[in-house]
Amino acid sequence: MTVLIYLIGISLALGAGGLALFLWSLRSGQYDDLDGAANRILFDD
Amino acid sequence: MNATSLTGISLDAARGVPAKASSSAPGGAVCAHCGEPLASAADADLATAQGRRFCCPGCAAAYATIQSLGLGRYYTQRVLDATRRPLRPEPTERFDLARYIRPGANGVQTLELAVDGLQCGACVWLIESVLAREPELVSGRVNMTTRRLRLVWRGEAETAERLVGRIEHLGYRLVPFNQACLAAASENASRTLLRALAVAGFAAGNVMLLAFGVWVGFAQHMGPATRVLMDWLSALIALPAVAYAGMPFFRSAASALRAGRTNMDVPISLGVLVVVGQSFVETLHGGAHTYFESAVMLLFFLLLGRVLDQRVRQEARATAEHLLALRTSEVTLLQPDGTMRRVPQESLPPGSLIFVAPGERIGADGVVEQGASSVDASLVTGEALPQSVGVGSNVFAGTVNLEAPLRVRVKAAGSSTLLAECVRLIEAAENARGRFVILADRVARHYAPAVHGLALITLGVWWLGLQAPFGQSLLIAASVLIITCPCALALAVPAVQVIATGRLFRQGILLKSPTALERLAEVDTVVFDKTGTLTEPNFMLASVPDPEAFRLACSLAGISRHPLARALLAASGPVPPALGAIEHPGSGIAWAGPEGEVRLGSRSFCGLTGSDLVGGEESSDTPELWLCCPNHKPVRFAFVEQLRPEAAETVHNLAAKGLAVELASGDRAESVRAVAAALGIGSAHAGITPVEKIALVKTLQQAGHRVLMVGDGLNDGPSLAAADISASPASATEIAQNVADLVFQGRSLRPIAEVVDLARRARAVMRQNLGIALFYNAAMVPLAMAGYVTPWLAAAAMSASSLAVMLNSLRLQRGIGR
């Protein structure tokens, strides 16, 4: 059952990575203008 | 004629007017740039370029610029929004941009501007593409949610003028604002909530994973060592996560307790803390009763609700802030040496002399020293027709100078103006309303003591009554607290609010207060303002007496900004204005025509006496214009207020729901009576002041009624705030919109009836939810008190009750009103 230790460790690391990415995107203002972002992808230059 | 002006208030008269080009022109030609309807092809005056037709040279120039930059794709990709300001370049007032520029490091300058006229995503692309061609620009980004443009460039502060000029040339209006003044705080609040949500989500996911392992392990005889490891891992994740993500609730609960009150956050905080604390103690002992997953899942769901709620309200606030930013805050000061300078309204000393250009909003209270004009005082008095002012007349801040330049000696500025006084009245009335206790808090008030009492009784009975060991008694008492953890109870009301608010938002109704729905559901009386609320903000021509005269009148009216002149133009579409016509402020327009002088204006301006009037046209109650040509009979143009679409239907609908409808207006008795009769409103109050409006609302409230006030003017502001709940149309003054609990878009009044309907259904669902939550608790508490609660049972009961509450709330999504 020692494999459990590794699996839990991996799942926690993945989760923490996702959390860190989300917090980074939040900090860099990617949630400030959701309407604009939705429209911007239609204009690609 | 007479009959028309009386019944002209009904909608049928509105349809009777030919060529009402301003609202829509199905199949008619539109300007290639701004998309506004064009007049008939016979008008040679209109600008033409590149085979396209434009309404004005400004639009033609903007079109040429966009094509020459290779951005013509804009026209095929945009979606014009009729409710927004049309994209027509107009001369605008100049702002002293330098005051708003924030210099940064390395010679970088930043300027924030509110953008008026933003129609859709294509506008964002156009503005950013045009700016991208400026070499000095570091970044120019439009935030579509808040409709703001942030300019960052390298170099001189003067570059700003050129950058702003480029965008204004396209037809947008840019107004600088001081970012510090507008709530940056709300942005922080929503980021804090999102961060808390992310942390709670991370913790919930991982702890749930471990918890599933433990649950399955129970069935498969997991060894105690593995279970303890799982519990310790859960504790390591859950403890910091709860400490961080629970903060919004803990803070709110602590401030409520400090004030000697209790709100829904108190049982939530207590529940979460007790669950986590007890689980941690169990973990230390290596016991099996840990519920970390319940605590973090509860936090996650609650935060989800808060984030959605916050987002909807932020959207509403952004709209209000946008309007606030667009309001002129600068006035032209005439200095003793005769030069003019733009200064902020607040810094104007009393006794100074200001210059007010035609079309400009007067920035201070004062007395006219020079000039004669008329002012639109609808914002302050609610009177729709402009008032004439001359030397010695009093004018007030917030009114608009319509016709000719004025010099005004300032009596009061900034916070001492009538406008500011009205705002203060509103604030006082709003404070008085803050006493409303929401349903959830009313329940919490009884629920929390009851639960804590039950837990205490359980402890006493087991320990003292049944002589059980203290540790075991405490555990059973804790399980009572856990099983009654107000998970479903805490979701019962917010879940409904989020769903109802979101649905209203999609229908163009902004709910600005979280308690608005509950207050709305209790309303039994609706008080409407008349001008601008039941009626449309603009006047409408009742009928066209003579096409020849109509055309002539319109060309004269073309040079004026007077509301009646604009109403004439609205009925005809653009016409070439009469060159050389002269406007006499407050009386009319004169034009030297080929056959002699032509006059368009008031009865006295046209020199009409009783004997000139043809029988049947004596009624001067309705606004009118006269056209006098040499050798012709004078022609009368009568104007009526046009009712909003579906006004009668809405009033009828509200009455059918058992609500009493009243009308309160500052307007004259005749026109108020006519509107009341047309709509079937029994109780109408005419000629009342803002203070009397508050008194009316208060009298109704003292008689035990719950009042919904619908109004749009500044003069409605205090009564909007005094009412139990208030609504205003999106065409209302900024102040009315700021005060109102809900703002509805569009011209129709139907949203009022719909929102009352939805609020009542929402209240019913909230009560069902509370019933479901309390039922689960009532069923589980005896088991817990008897000591029969296992982790399986607790988890199942908690999830099932939360799920039932969520599913019940979702029913609100279905079925659109009718």
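Predicted model only: the values in this text are computed from it and were never measured. Numbers given for residues are sequential positions, taken from 1 along each chain in its written order. As a convention, the first chain written is A and the first ligand written is 1, with the rest following in written order. pLDDT decides what is reported in this predicted model: residues at 70 or higher carry local features, side-chain atom pairs at 80 or more are listed and counted, and totals for whole chains, interfaces and linings draw on all residues regardless.

1. Observations regarding the overall build of chain A
Going along the chain from the N terminus, every DSSP run of H or I of four or more residues is numbered as a helix, and every run of E of two or more is numbered as a strand. Assigned secondary structure in chain A consists of two helices and zero strands. Buried residues are those with 20 or more other C-beta atoms within 10 Å of their own C-beta, exposed residues have 12 or fewer, and partly exposed residues lie in between; C-beta atoms are placed from the backbone. Evaluated residue by residue, chain A yields a buried proportion of 0% over its 45 residues.

2. Some thoughts on helix α20 (residues 563-572) of chain B
For an α-helix the count is 3.6 residues per turn, leaving residues at separations of three or four pointing the same way. All names here are of chain B. The buried fraction of α20 amounts to eight of the ten residues, a majority that puts the element mostly inside the structure. Those residues of α20 that fall on the buried side of the exposure criterion are Pro563, Leu564, Ala565, Ala567, Leu568, Leu569, Ala571 and Ser572. Contacts are defined on C-beta atoms placed from the backbone: any two residues whose C-beta positions lie within 7 Å are in contact. The inward-facing, buried residues of α20 abut β19 (535-541), α19 (547-557), β23 (624-628) and β24 (635-643).

3. Side note on the pairing of strand β5 (residues 137-143) of chain B
As judged from the six bridges shared by β5(B) and strand β6 (residues 148-154) of chain B, these two strands associate in the antiparallel manner. In the sheet register, B:Val142 faces β6(B), and the bridge partner there is B:Leu149. The pairing criterion for strands is at least two bridges between them, as found by DSSP.

4. Notes on the nonpolar core
Residue and element names in this part refer to chain B. Judged by nonpolar contacts, the single largest core of 88 residues is most densely connected at Val496, Leu520, Val697, Leu708, Leu742, Val755 and Ala762. Ranked by the residues each element gives to this core, the list is headed by helix α26 (residues 750-786), at 17 residues. Once you skip the residues sitting within four places of it in the chain, valine 496 turns out to touch Ala762, Val765, Met766, Asn769, Ser809 and Leu812. Definition of nonpolar core: a set of buried Ala, Val, Leu, Ile, Met, Phe, Trp, Tyr and Cys residues joined via C-beta atoms within 7 Å. Judged by nonpolar contacts, the second largest core, of 38 residues, contains Ile127, Leu149, Val164 and Ile167.

5. Some thoughts on the environment of B:Ala753
Residue and element names in this part refer to chain B. Looking at the secondary structure, you find alanine 753 in helix α26. As a C-alpha pair, alanine 753 and valine 651 span 102 residues in sequence and 8.1 Å in three-dimensional space. Apart from the residues lying within four places of it in its own chain, the contact partners of alanine 753 are Thr650, Asn653 and Leu654.

6. A short note on the sheet that holds strand β27 (residues 707-710) of chain B
All names here are of chain B. Reading across the sheet, the seven strands line up as β17-β29-β28-β27-β18-β25-β26 and stay open at both edges, with mixed pairing between neighbours. This sheet does not close on itself; its edge strands, each paired only once, are β17 (509-511) and β26 (683-685). Neighbour-to-neighbour, the strand axes of this sheet turn through a mean angle of 20°, independent of strand direction. Sheet analysis places strand β28 (residues 725-729) next to strand β29 (residues 742-744), joined by three bridges and oriented parallel. Residue pairing in the sheet places serine 728 in a bridge with valine 743 of β29. Between the N-to-C directions of two axes lies an angle of 0 to 180 degrees, each axis being a line fitted to C-alpha atoms and, for a helix, fitted only over the stretch in contact.

7. Some thoughts on the environment of B:Gly217
Within the fold, B:Gly217 resides in helix α7 (residues 185-219). What makes B:Gly217 partly exposed here is the crowd of 15 C-beta atoms within 10 Å.

8. Quick notes on helix α9 (residues 247-258) of chain B
Residues and elements named next belong to chain B. One fewer than the residue count of a helix, multiplied by 1.5 Å, yields its expected span. The end-to-end C-alpha separation of α9 is 16 Å, in line with the 16 Å expected for twelve residues at 1.5 Å each. Along α9, the positions that sit buried rather than exposed are Pro248, Phe249 and Ala253. The buried residues of α9 all sit within an arc of 125° when viewed along its axis, so they share a single face. Turned more than 90 degrees off the buried face of α9, the exposed positions are Arg251, Ser255 and Arg258. The arc in question is the one spanned by the directions pointing from the helix axis to the C-beta atoms.

9. With respect to the interface of chain A and chain B
By a frequent convention, interface size equals the accessible area lost on bringing the separate parts together. Counting residues at the interface gives 19 residues for chain A and 18 residues for chain B. Contributing elements (two or more residues each) for the side of chain A that touches chain B: α1 (3-27) and α2 (34-40) of chain A. Here the side of chain A that touches chain B takes eight residues from α1(A), the largest share from any one element. Three classes are used: nonpolar for Ala, Val, Leu, Ile, Met, Phe, Trp, Tyr, Cys and Pro, charged for Asp, Glu, Lys and Arg, and polar for all others, with Gly counted as polar. Considered class by class, the residues forming the side of chain A that touches chain B number eleven nonpolar, four polar and four charged.

10. Overview of the packing of α19(B) against α20(B)
The relative placement of two packed helices comes down to the angle between their axes together with the axis-to-axis distance. All names here are of chain B. Where α19 meets α20, the closest approach of the two axes is 9 Å, and the angle between their N-to-C directions is 125°. Taken together, the axes of α19 and α20 lie oblique to each other. Note on packing geometry: the crossing formed by α19 with α20 is left-handed. Facing α19, whose interface residues are Phe550, Ala553, Cys554 and Ala557, α20 presents Ala565, Leu568, Leu569 and Ser572. Along the lines of polarity and charge, the residues of the contact of α19 with α20 split into seven nonpolar, one polar and no charged. Here roughly perpendicular refers to angles of 65 to 115 degrees, roughly parallel to angles under 35, roughly antiparallel to angles over 145, and oblique to all remaining angles. Left-handed is the label given to a crossing in which the near helix is rotated counterclockwise from the far helix by less than a right angle, and right-handed is the label when the rotation is clockwise.

11. Let's talk about the packing of helix α21 (residues 647-656) of chain B against α26(B)
All names here are of chain B. Two numbers describe how α21 lies on α26: the axes approach to 8 Å, and their chain directions differ by 25°. As summarised for this structure, α21 and α26 are arranged roughly parallel, according to the angle between their axes. Within the contact between the two elements, α21 uses Thr650, Asn653 and Leu654 and α26 uses Arg750, Ile752, Ala753 and Val756. Tallied by class, the residues present in the contact of α21 with α26 amount to four nonpolar, two polar and one charged.

12. Here's the deal with the sheet that holds strand β9 (residues 340-344) of chain B
Residues and elements named next belong to chain B. With antiparallel pairing, six strands are arranged side by side in an open sheet as β9-β8-β10-β16-β11-β14. The strands lining the two open edges of the sheet, one partner per strand, are β9 and β14 (394-395). With five bridges joining them, strand β11 (residues 365-370) and strand β16 (residues 406-412) adopt antiparallel strand pairing. Bridged to aspartate 365 within β16 is alanine 412.

13. A short note on the pairing of strand β18 (residues 525-528) of chain B
All names here are of chain B. Neither face of β18 is exposed, since Thr525 and Val527 on one face and Val526 and Phe528 on the opposite face are all buried. As paired elements, β18 and strand β25 (residues 660-664) share four bridges and run parallel to each other. The residue bridging valine 527 from the neighbouring strand is glutamate 662, located in β25.

14. A look at the confidence of the model for chain B
Any segment with low pLDDT has predicted coordinates that should not be analysed in fine detail. All names here are of chain B. With 78% of its residues at a pLDDT of at least 70, chain B reaches an overall mean of 76. The pLDDT value tells you how sure the predictor is about a given residue, anywhere from 0 up to 100. β18 holds the highest mean pLDDT among the elements of chain B, 92, whereas helix α2 (residues 11-16) holds the lowest, 34. Across residues 1-27, where pLDDT falls below 50, the model places 48 contacts with residues more than four positions away in sequence or in other chains. For the stretch residues 40-45, pLDDT sits under 50, and the model shows four contacts to residues farther than four places along the chain or on other chains. With pTM at 0.58, the complex prediction returns an ipTM value of 0.88.

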